[in-house]
Amino acid sequence: MDRSTPRESWQAEYEAERLEWRARLLELVHRFKGEPDTLLPFHEVLALRPRGEHHLGLRSIEVDRVVGSVDRYEDFHRHFLPRTPHTLERWKRLRALQLSGVEFPPIEVYQVGEAYFVKDGNHRVALAKATGQKFIDAYVIALEVPVALQPGDTLKDLILKAEYAHFLERTRLKELIPPEEFSEIRFTTLGRYDLLLDHIATRRYFKGLEEDRGIPWEEGVVDWYRNLYRPTAEAIRRLGLLREFPGRTEADLYLWVMDHRYFLAQELGVDLAPEEAARSYEARFGPWWKRLGGWLKGFHLGTARRGGRRA
């Protein structure tokens, strides 16, 4: 039963109009920035390879960590602002009831890492966000996933993490490598984990030729990580290469360094160790002053050699 008074209905109508204008403004801002303006769809989470779920019961959760919906993700903007007239009308009715003192039941959510997806109660979340509510009561079902989501993740981030989850499932890397040795392998571009699988297969193949035996997949994974990926990532860290390529990750640079190493091996017949390859990559593709320093060093060495030959 609607217990709201005309005054409360008018207040809800006024707030809904402001909310509609705010939604339109934010939509324009997101378009201008080229950013997505939608809630995260829960069905994309299934690509993270959930291993199970646990009912955590009734909890108070942070409203700002609710980022997606099971089946109403197209009805709301990214910040849970109503997108359709029907959704806005429903929001107005709930706001009027809230102003009249009605208390709403807890919502139901799935927890995926540090983020939540609404199973039931999308309009209540939209109301909480619009009115600046910090916490909301929810019945929580936690999904066990190998790669956790963060509240600020976009759909692209979710897809990247799904690719990473598939890579971890395929390699069993987190099970094969002790936690103290392992560091996360994160890319900023889609489709890169398949390249890592190719690297592992290639490394495994040549190791088998060298040792004249079949190399088990798990052994090949560990050998690739310990003798190729980790030394290269550590060299990237020591050289501070990430500072020179803002917005990129160690995994991004690892692939670039490996491509550079392969080029040197094929074109020049030079097979560099991981750190040498990282230094060579920096000298070739790093900041201009480092490229200039490498060129001057090569120039002086060449001059000295020519001078020695003339003598």
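These notes cover the structure that comes with them. Here the structure is a predicted model, which means the values were calculated and not measured. (Residues numbered from 1 in each chain as written. Predicted model: local features only at pLDDT ≥ 70, side-chain atom pairs only at ≥ 80, totals over all residues. Heavy atoms only, no water.)

1. Some thoughts on the overall build of the protein chain
Inclusion rule: Numbering goes from the N terminus for both helices and strands, where a helix is a DSSP run of H or I of at least four residues and a strand is a run of E of at least two. Whether a residue is buried, partly exposed or exposed follows from its accessible area with a 1.4 Å probe, protein chains only, as a fraction of its type maximum: under 20%, in between, or over 50%, in that order. Any two residues whose heavy atoms approach within 4.5 Å at even a single point are treated as in contact.
The helix and strand tally for the protein chain stands at eleven helices and six strands. Residue burial in the protein chain is summarised as follows: out of 311 residues, 41% are buried. Considering only intrachain contacts with a sequence separation of at least 6, the fraction spanning at least 24 residues in the protein chain is 73%.

2. A short note on the sheet that holds strand S5 (residues 115-120)
The line we're drawing: When DSSP locates at least two bridges between a pair of strands, those strands are taken to pair. Axis angles are defined between N-to-C directions and span 0 to 180 degrees, where every axis is a line fitted to C-alpha atoms and, for a helix, only to the segment in contact.
The mixed open sheet is built from six strands, whose spatial order is S1-S3-S5-S4-S6-S2. Strands at the two margins of the open sheet, each flanked by one partner only, are strand S1 (40-41) and strand S2 (52-62). Strand direction decides the pairing type here: S1 and strand S3 (residues 66-69), joined by two bridges, are parallel. The partner of Pro41 across the bridge, within S3, is Ser69. Each of S3, strand S4 (107-112), S5 and strand S6 (135-144) is contacted by helix H3 (residues 122-130), which is oriented at about 130° to S5, the strand it contacts most.

3. Side note on the pairing of S4
In terms of residue burial, S4 counts as a mostly covered element, since five of its six residues are buried. Here S4 pairs with S6 via six bridges, running parallel. Of the residues in S6, the one forming a bridge with Glu108 is Tyr139. The pairing of S4 with S5 spans five bridges and is antiparallel. Bridged to Val112 within S5 is Ala115. As consecutive antiparallel partners, S4 and S5 are separated by two residues, and within that stretch Gly113 has a phi angle of approximately 70°, a positive value.

4. Concerning the packing of helix H7 (residues 217-239) against helix H9 (residues 250-268)
What counts, and what does not: Orientation is classified from the angle alone, with under 35 degrees giving roughly parallel, over 145 giving roughly antiparallel, 65 to 115 giving roughly perpendicular, and any other angle giving oblique. Polarity classes work like this: nonpolar for Ala, Val, Leu, Ile, Met, Phe, Trp, Tyr, Cys and Pro, charged for Asp, Glu, Lys and Arg, and polar for all others, with Gly in that last group.
Relative orientation of the contacting elements H7 and H9 amounts to 105°, with a least axis distance of 9 Å. Judged by the angle between their axes, H7 and H9 are roughly perpendicular. Contact residues: H7 offers Trp224, Leu228, Tyr229, Thr232, Ala233, Ile236 and Arg237, while H9 offers Glu250, Ala251, Leu253, Tyr254, Val257, Met258 and Arg261. Taken together, the residues that form the contact of H7 with H9 break down as ten nonpolar, one polar and three charged.

5. Side note on the pattern of salt bridges
To keep it simple, the criterion reads: By salt bridge we mean one thing: a side-chain nitrogen of Lys or Arg within 4 Å of a carboxyl oxygen of Asp or Glu.
Under the definition given, this model contains 19 salt bridges. A salt bridge links Asp120 to Arg124, with the shortest nitrogen-to-oxygen separation between them at 3.0 Å. Because the salt bridges share partners, they merge into one network encompassing Glu181, Arg226, Arg230 and Glu234.

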